[in-house]
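# Residue-level structural notes
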Amino acid sequence: MPRLVLIDGSSYLYRAFHALPPLTNAAGEPTGALFGVVNMLRATLAERPEYAAFVIDAPGPTFRERIDPDYKATRPPMPEELRAQVEPLMRIVQALGMPILRVPGVEADDVIGTLAVAAAQQDIEVTVSTSDKDFAQLVRPGITLVNTMSGTTLDREAVIAKFGVPPERVIDLLALMGDTVDNVRGVDKCGPKTAAKWLDQFGSLDAVMQRAGEVGGKLGENLRAVLARLPVNRELVTIRTDVPLEQGPAELALGARDLEQLHELYRRYEFRQALRELDAATQAPPPVPPDVPEAEGDAPAAPARGDYEVILEQARLQAWVERLRTASLVAFDTETDSLDPMRARLVGVSFAVEPGKAAYVPVAHEYPGAPAQLDRDAVLAALRPILEDPAIPKVGQHGKYDLHVLARCGVQVRGYAYDTLLESFVWNAGLARHDMDTLAERYLDHRTIRYEEVAGKGAKQIPFPSVEIERAGEYAAEDADITLRLHHALWPRLQSEPRLAAVFTDIEMPLVPVLQRIEANGVLIDAAELGRQSQDLARRMHAAQQHAYAVARRSFNLDSPKQLQALLFDELGLPVIAKTPTGQPSTNEDVLEQLAHEHELPRLIVEYRGLAKLRSTYTDKLPGAIHPDTGRVHTSYHQAGAATGRLSSSDPNLQNIPIRTEDGRRIRRAFVAPPGRCIVAADYSQIELRIMAHLSGDPGLMSAFAGGQDVHRATASEVFEVPLEQVGPDQRRAAKAINFGLMYGMSAFGLARQLGIDRGQAARYIERYFARYPGVLSFMEGTRQLARERGWVETVFGRRLHLAQINARNAAVRAGAERAAINAPMQGTAADIIKRAMVSVDRWLAETGARAAMIMQVHDELVFEADQDFAQTLVERVRELMQGAAELRVPLIVDTGVGANWDEAH
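So, a few notes on the structure that sits alongside this text. (Residues numbered from 1 in each chain as written. Predicted model: local features only at pLDDT ≥ 70, side-chain atom pairs only at ≥ 80, totals over all residues. Heavy atoms only, no water.)

### Notes on the overall build of the protein chain
Counting its regular elements, the protein chain contains 37 helices and 24 strands. Referenced to the eigenvectors of the C-alpha coordinate spread, the extents of the protein chain come out at roughly 85 × 75 × 55 Å. For the protein chain, the residues scored as buried account for 51% of the 906 residues in total. A total accessible area of about 39700 Å² is found for the protein chain, and carbon and sulfur atoms account for 50% of it. Across the protein chain, the mean location of the 100 positive side-chain charges is 4 Å away from that of the 121 negative side-chain charges. (Helix = DSSP H or I, 4+ residues; strand = E, 2+ residues; numbered from the N terminus. Buried < 20%, exposed > 50% of the residue type's maximum accessible area, 1.4 Å probe, protein only. Areas by Shrake-Rupley, 256 points an atom, 1.4 Å probe, with all protein chains shown as cover. Lys, Arg positive; Asp, Glu negative; His and termini not counted. Charge placed at Lys NZ, Arg CZ, Asp CG, Glu CD.)

This is how it looks when you write it as structure tokens:
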């Protein structure tokens, strides 16, 4: 049966615009919505339908405005960033050979409805590609809805499951609910569940209207108040299926693609994957324009596959060892049976010394018929002199993992000089991903063999030791080869920017083995103590739950956003403060905290959620993370986790344990030292404020730090115009909020909300702050201007933070980039400083034997485990090294503590 795909271009445009990040091309043209819709179109055309049409609203009024002048009256005008993408999209759709339909006087919905019904009557299978729920009314035999962006499909059964009514009752449902986007005013507080319940009870909209007197309570009053309005609503939400059209379904055949035009458009808007697919299809890729800089990712294409070898004989291994011994640079990679480096077993190792030539040495592949492999220990013995020689430079991709694996095999890698993940991160921290597959496509225009292609997907995936050796060898050797190629592509870029190269060589690379050692050290956890805390949290969760039931006068699932939405907004009538991306009332923590001022129930839900998060994230989870061999918890630190350079932690995350609450401090008490040892903590004091003083050079702020004053008290004295000794706790609290808030771009509205004061008073506080610290204001204004001119800001040490949206047309997006421009140099410099400190401290610790070990990094804090009689020596030396990690115009101060557990030491 032939198929017709009708694409709701209007809904996809808005959906892509709001769902995707605000992307731009090199010329600064917005491309986010364009990118999303073009990807959807490519996916649709890949299915080869016989007929298709891209349907979009025509400008001007429609018949619905004549029915109700207020229809869509509240809808804001199309954002300029989106409007700028409409014309390019139309050009791409036309170049793809797809008919474009714009019919004046009706909406795109009505054009689609008319064509869909007509096609189904002509035995043409119809797919309506849309993200608009209103089209559910069209579903019937021969007509199906597909949301290509989300991958969901709606047939009759799916409509019933989603809406609670069959397709023929969707119009009645929409009439009762109304539509805030289109300004169709339905029954107040009537959501989809209530509307479906009424339709199930009474049968139809007409029956609901006739028997409205039987609906009790406030909802019944709301229903009866709009009875005269409901027939109008029904007419507004009904998609017409009888629009006079010049083209019928059979006249919507796809035309030939305009390949030259597509090439031009894909290249202009930087749709690289689409361009590669187009080039592959035509087998005639156009040359790269000479004005496209190589640094933007258009490197010469790599060969399809290199010359790769699987080593199964000692003689071949020895030949490669000789090559490695004399190589100017060795790329290496390990293959294992686990993503957890503390549990992974070595399955093989690969290496490369020149682009296109690589080898894989399997040592533990196990499957029926697997060939004999070289002994693992013998292979490591042959490679150890090379891997442990600091004079032979090495390069890896996310090599910290490989360092772990080899260290557990008794090989301590030295000379680890380059890491392509970190080269990419330092070159452009704004990229979303720095994994090998992504980097190979970006910088080498090369698609790597994916892990799933050799091991399978999902439930059918096999462990790597079971992968056939020849296939595994191609995959593993490519990893080493591509790592080497990426280094050759990325390192020249960094060398072209000496300050960036210094960030890489002086900060990031020396930190790799330091983090590997911290992770391997692990931290000792008192599982019994966490078990007691879990029981206490469970008891308090139950109490909060019962209290919430009492307040609500019924039971409900506190963990269900849908049930909370119905309870808070439908039943209790609390105001909708924010909405989710799908348009539902939000019940996130920020919303609940605001609603807590109006009703007790939101406060109880916040309390319950806080307790549940502590229990699920820490007290229940941490004991299960204890390694069976070491008896310790081993986290993973990520150097490329945040664009500012701050480290992040996962599996488990040890950096977000609350410090300001008693429950958080109790969890920290479970981080303990073994007998004879103690915990030592060293924390930079107000480091970002000190960096602000250094960068701004403000005399008042610098004087406060130079004199050793409490800077929040000093700020309070200035802002509230009271002597230093008369500053009260509330004034200091307000000054602290101002000091930190301004660094993060806080507005008067945000400050007013945080302090519980009116916006005018907050604005006066900020105005007075800048009057007392004019250097801070000058720094902020100068930084914004410099960011607009260059498109990036940098830290004291030269780490660059790109701000793609600093000149965006959208004011909200631009303001966000400006806030980042001010904060990023401070947060990034703080990250650089503690990384430098970690390298220095680790170097000193190596000289002390096993008397102390670094076991955690938590933002501005380092945590150690030390012999009790060595603690004071450790405190003094660590404080000295941390305070000497940077030379600022104000002193760096480090607070230290010693205790039997982390809480005592903090």
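### A closer look at the sheet that holds strand 19 (residues 677-684)
Strands sit in the order 22-23-19-24 across an open sheet of four strands; the sheet is antiparallel. Each edge of the open sheet carries a strand with a single partner, namely strand 22 (852-858) and strand 24 (894-899). Strand-to-strand twist of the sheet, defined as the mean angle between neighbouring strand axes without regard to direction, takes the value 20°. Sheet strands touched by helix 36 (residues 871-883): strand 19, strand 22, strand 23 (861-867) and strand 24. Its angle to strand 19, the strand with the most contacts, is close to 20°. (Pairing = 2+ DSSP bridges. Axes fitted to C-alpha atoms, helices over the stretch in contact; angles between N-to-C directions. Contact = heavy atoms within 4.5 Å.)

### Considering the side chain of Ser11
By the element assignment, Ser11 lies in helix 1 (residues 9-19). In terms of polar contacts, Ser11 uses its side chain to reach the side chain of Asp8, at 2.9 Å. At 3.4 Å, the side chain of Ser11 forms a polar contact with the side chain of Thr130. In contact with Ser11, not counting residues within four places along its chain, are Thr130, Ser131 and Asp132. (Polar contact = N/O pair within 3.5 Å; in protein donor to acceptor, adjacent residues only side chain to side chain.)

### Some points on unusual backbone geometry
With an omega of -5°, the peptide bond between Asp651 and Pro652 qualifies as cis. Phi is positive for His398, close to 55°, though the residue is something other than glycine. You can see His398 is positioned in the loop between strand 13 (394-396) and helix 16 (399-408). Positive phi values are uncommon outside glycine, yet His859 reaches one of about 60°. Structurally, His859 can be placed in the loop between strand 22 and strand 23.

### What about the pairing of strand 22?
For strand 22, the tally of buried residues reaches seven of seven residues, placing the bulk of the element in the interior. Two elements, strand 22 and strand 23, share six bridges in a ladder whose sense is antiparallel. Considered in strand 23, the bridge of Ala853 is made with Glu865. What sits between strand 22 and strand 23 in their antiparallel hairpin is a turn of two residues, with His859 showing a positive phi close to 60°.

That's the geometry; what it means functionally is another story.
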